[in-house]
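Chain by chain, the residues run as shown.
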Amino acid sequence: MNAAIFTGTFVVAWAASLALRLWLARRQVAHVTAHRDSVPTAFAGSIPLAAHHKAADYTVAKQHIGVVETLVDALVLIGMTLGGGLAWLLEATESLAIDPLWRDVLLLGGVALAGAIVGLPFSWYRTFRLEARFGFNRTTMRLWLSDLAKGLLLAVLLGVPLALAILWLMARAGSAWWIYAWAVWFGFQLLMLFLYPTVIAPLFNRFTPLPPGVARERVEHLLARCGFAVAGLFVMDGSKRSGHGNAYFTGFGKARRIVFFDTLLSRLVPDELEAVLAHELGHYKLRHVMKRIAWSALVSLLFLGLLAWLAGSDWFYLGLGIPADALGVAHARPGVALALFLLALPVFTFVLSPLAARYSRRHEFEADAFAAQNASAAALVSGLVKLYEDNAATLTPDPLHSAFYDSHPPAAVRVSRLLGAAT
Ligand SMILES: [Zn+2]
């Protein structure tokens, strides 16, 4: 491979993935708009036309802002690579009188900060314009700013030690560094599984035990029936940020807990709540979490091996905007290869998204079947229909857009399977 050919390959992949994203967005808008005026038959009795209109308008509005963000991100990527952004960061950090490892931490921090700054107006617009327009937003400016500050602090506290460990291994651990780096990365993932429910999530929300009552009794019965022990049942004050509702499992081993958004509890009747929980329980019982961790471990090992090979190749640097006279410095600074890799990778992997989405959707079907067996399929359907309506989720997504982006099966497919199981 030579540098010019690699630049050409990168530009073609960049243009193709950008075109694909824009085309999928256009298809989604066209499909949702074409079905705006009639509620699909399966939902005709449960979702009013006004709610269907709202879901269509919300979906289209999300696509519009998504298209602008996709274009901006694509330009930033070119600016950072071929446009010389990373080369500039390399030069700027090279002259600092600090340990080379810290120069690379600053380089990676610079890339991450650029991404965060570009994303900020979009986050603001989504929260205070888009979500507000459709009646979902409950975040105040003050809360948004405090979330931002906490997020930044966490990114530094968790990201800097991780970056230091990986960069150190890249620089010092010889040609097998990527295997050690993989072990560090995997350990970090496991640590996050433990830290997220116990330390991180409580920084952003308040968790209170699920109060005694019908809902709690039903949940406890279900757990006993399925032979499932948890460390706690919690209600999260999700309503302080948004009207969207959800429920999830988190943690592992003895730290695992079940979290209900208060918005969900206030909307679902105990039957539905039990069925929604049974679905989540299905994910655990069927080892979906373990399988996902195993997959991500395998994929990250492959990517790290790829990075190790690329980091030793001149054309990788030259082809992505590092000038020839900085090549020696770039080879000596592992952060450069890491940053280029993380920037360029999505351009080549976007086309594979349907594979990951399909895998995830298969798990959703399995969890639905588990819920139908251990609770009630009809209650899950009525609970889901309420959630679709409350979240203004479209019932008529474009099938191709859905194949790329949706981790959950389209509403109509999911409901018809469940109703099939119910009869
Ligand atoms: Zn699920």
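Described below are features of the structure shown in this document.

Thresholds, definitions, all that
- Residues numbered from 1 in each chain as written.
- Predicted model: local features only at pLDDT ≥ 70, side-chain atom pairs only at ≥ 80, totals over all residues.
- Heavy atoms only, no water.
- Helix = DSSP H or I, 4+ residues; strand = E, 2+ residues; numbered from the N terminus.
- Buried < 20%, exposed > 50% of the residue type's maximum accessible area, 1.4 Å probe, protein only.
- Contact = heavy atoms within 4.5 Å.
- Donors = N, O, S within 2.8 Å, 3.2 Å for Na, K, Ca; no water.
- Pairing = 2+ DSSP bridges.
- Axes fitted to C-alpha atoms, helices over the stretch in contact; angles between N-to-C directions.

For the rest of this paragraph, the subject is the side chain of N391. Position of N391 relative to the elements: it lies in the loop between α15 (377-390) and α16 (399-405). When its relative accessible area of 18% is taken as the criterion, N391 is described as buried. Each residue touching N391, except ones within four places of it in the same chain, is listed here: Y58, F136, H244 and G245.

This part is about the coordination of the zinc ion. H279 (NE2), H283 (NE2) and E364 (OE) make up the full set of protein donors to the zinc ion, lying at 2.0 to 2.1 Å. In the primary structure, the donors to the zinc ion are separated according to the pattern H-x3-H-x80-E. Residue H283 is found in helix α9 (residues 270-285), and its partner E364 is found in helix α14 (residues 353-374); the two are separated by 81 residues along the sequence. When sorted by exposure, H283 lands in the same class as E364, which is buried.

With that settled, consider the environment of A337. With respect to the helices and strands, A337 occurs in helix α13 (residues 334-349). A337 sits in the buried class, given a relative accessible area of 1%. As for A337 and P211, which are separated by 126 residues in sequence, their C-alpha atoms are 52 Å apart. Leave out the neighbours within four places in its chain, and A337 touches L307, A311, F316 and Y317.

Moving on, we come to the sheet that holds strand β3 (residues 247-250). With mixed pairing, four strands are arranged side by side in an open sheet as β1-β2-β4-β3. Strand pairing shows two members of the sheet lacking a second neighbour, β1 (207-209) and β3, which therefore form its edges. Between one strand axis and the next, the sheet turns by 30° as a mean value, whatever way the strands run. Sheet strands touched by helix α6 (residues 177-204): β1, β3 and β4 (257-261). Its angle to β3, the strand with the most contacts, is close to 130°.

Turning our attention to unusual backbone geometry. With phi around 60°, R287 is a residue other than glycine that occupies positive phi space. Taking relative accessible area as the criterion, R287 reaches 52% and is therefore assigned exposed. The phi angle at A392 is positive, at roughly 50°, despite the residue not being glycine.

To continue, consider the side chain of Q28. Within the secondary structure, Q28 sits in helix α1 (residues 3-34). Overall, Q28 belongs to the buried group, its relative accessible area being 5%. Not counting chain neighbours up to four residues away, the residues in contact with Q28 comprise T59, Q63, T394, P397, D398 and H401.

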